[in-house]
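Descriptive analysis of the structure
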Amino acid sequence: MSTLEQLSDAVKNGKRKEALPLLQQALDENIEAQTILTDALIPAMDEIGDKFSKNEIFVPEMLVSARTMAACTEVLKPKLVEAGGAQSLGKAVIGTVSGDMHDIGKSLVKMLVESKGFEIEDLGVDVAPETFVDYVKSNPDCKFVFLSALLTTTMTAMADTIKGLEAAGVRDQVTVFVGGAPITQEFAEEIGADYYTPDAGVCAAKAAEVATA
């Protein structure tokens, strides 16, 4: 089995202590950073995201894989920039909406979206609508907004955020994704979101599809 295949397996299995030495081994073998990313890391997380969407694995397995992926990409980032090979799909911002302190789902989406090649800013939890608006206004190159809510009582904050983007005149600048346990396609349409996705894997795949369309 090649080094890249071993690395891909380590990421899929969430074995960070094996993945990082394998990543270094690949670099020592003069495999380009972009090749490591596109041939080993991204396919690994694509497979994990697909399995998660099909309920073949669950949040704990997804998290350890995503964290292993994140550790590997941190090592690769400076090398990708140095080589001029960091192919960004665009800038994005993510957060759990005002009044909601849930973090795991949002963090999963961030890691998977980032693994697709997005530059994504995480505003954290309990993020006020105006905070999202201010970020988009201050970052005209931000093209995607990801809103997470895990409580029915905080769903209205998603609507308030979209209204805020409209009032600020920046709604057309961004594609808005919404997700979380209580969110439905009907609700997404009702509040004027662009996309609803049922889980992190589907969200990352759809975002990459939109960015490259």
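About the cut-offs
Residues numbered from 1 in each chain as written. Predicted model: local features only at pLDDT ≥ 70, side-chain atom pairs only at ≥ 80, totals over all residues. Heavy atoms only, no water. Salt bridge = Lys/Arg side-chain N within 4 Å of Asp/Glu carboxyl O. Helix = DSSP H or I, 4+ residues; strand = E, 2+ residues; numbered from the N terminus. Core = buried A, V, L, I, M, F, W, Y, C linked by side-chain atoms within 4.5 Å. Buried < 20%, exposed > 50% of the residue type's maximum accessible area, 1.4 Å probe, protein only. Contact = heavy atoms within 4.5 Å. 1 Å grid on protein atoms, 1.4 Å probe; cavity = no way out; pocket = protein on both sides within 12 Å on 5 of 7 lines; lining within 4 Å. Points joined across faces, edges and corners; volume = space filled by probe spheres on them. Nonpolar A, V, L, I, M, F, W, Y, C, P; charged D, E, K, R; others polar. Phe/Tyr/Trp six-rings, centres within 6.5 Å; stacked < 30°, edge-to-face > 60°.

This part covers the pattern of salt bridges. Taken as a whole, this structure holds 13 salt bridges when the rule is applied. Here Glu-114 makes a salt bridge to Lys-110, at a shortest N to O gap of 3.3 Å. Of this pair, Glu-114 and Lys-110 both sit in helix H5 (residues 104-115), four residues apart, which is roughly one turn of that helix. Taken together, the shared-partner salt bridges in this structure form one network comprising Asp-9, Lys-12, Glu-47 and Lys-51.

What follows is about the nonpolar core. Leu-7, Val-11, Ile-36, Leu-41, Met-45, Leu-76 and Phe-146 are the most contacted members of the largest nonpolar core, which totals 43 residues. Per-element accounting of this core gives the leading share, 10 residues, to helix H3 (residues 33-53). Apart from the residues within four sequence positions on either side, Leu-76 is in contact with Leu-23, Leu-27, Ala-33, Ile-36, Leu-37 and Leu-41. Within the second largest apolar cluster, 26 residues are counted, among which are Met-155, Ala-159, Leu-165 and Ile-183.

A word on the layout of surface pockets. Which parts of space are left empty comes out when a probe the size of a water molecule is rolled across the atoms. Reported here for the second largest pocket is a volume of approximately 370 Å³. Forming the boundary of the second largest pocket are 24 residues, of which Gly-105, Val-109, Gly-179, Gly-180 and Asp-199 lie nearest the centre. Contributing elements (two or more residues each) for the lining of the second largest pocket: H5, strand E3 (142-148), strand E4 (175-179) and helix H9 (200-211). With five residues, H5 is the single largest residue contributor to the lining of the second largest pocket. Per-class residue counts for the lining of the second largest pocket are 17 nonpolar, five polar and two charged.

The next subject is the packing of aromatic side chains. What the rule picks out here adds up to five aromatic pairs. Where Phe-118 meets Phe-144, the ring centres are 5.2 Å apart and the plane angle is 80°; that geometry is what we call edge-to-face. Placement of Phe-118 in strand E2 (residues 118-122) and of Phe-144 in strand E3 is noted, with a sequence separation of 26 residues between them. The exposure classification of Phe-118 matches that of Phe-144, with both residues buried. Pairing Phe-144 with Phe-177 gives two aromatic rings, centres 6.3 Å apart and planes at 40°, and the pair type is tilted. You can see Phe-144 sitting in strand E3 and its partner Phe-177 sitting in strand E4, a full 33 residues away along the chain. Through a chain of ring-to-ring contacts, three or more aromatic side chains come together here, namely Phe-118, Phe-144, Phe-146, Phe-177 and Tyr-195.

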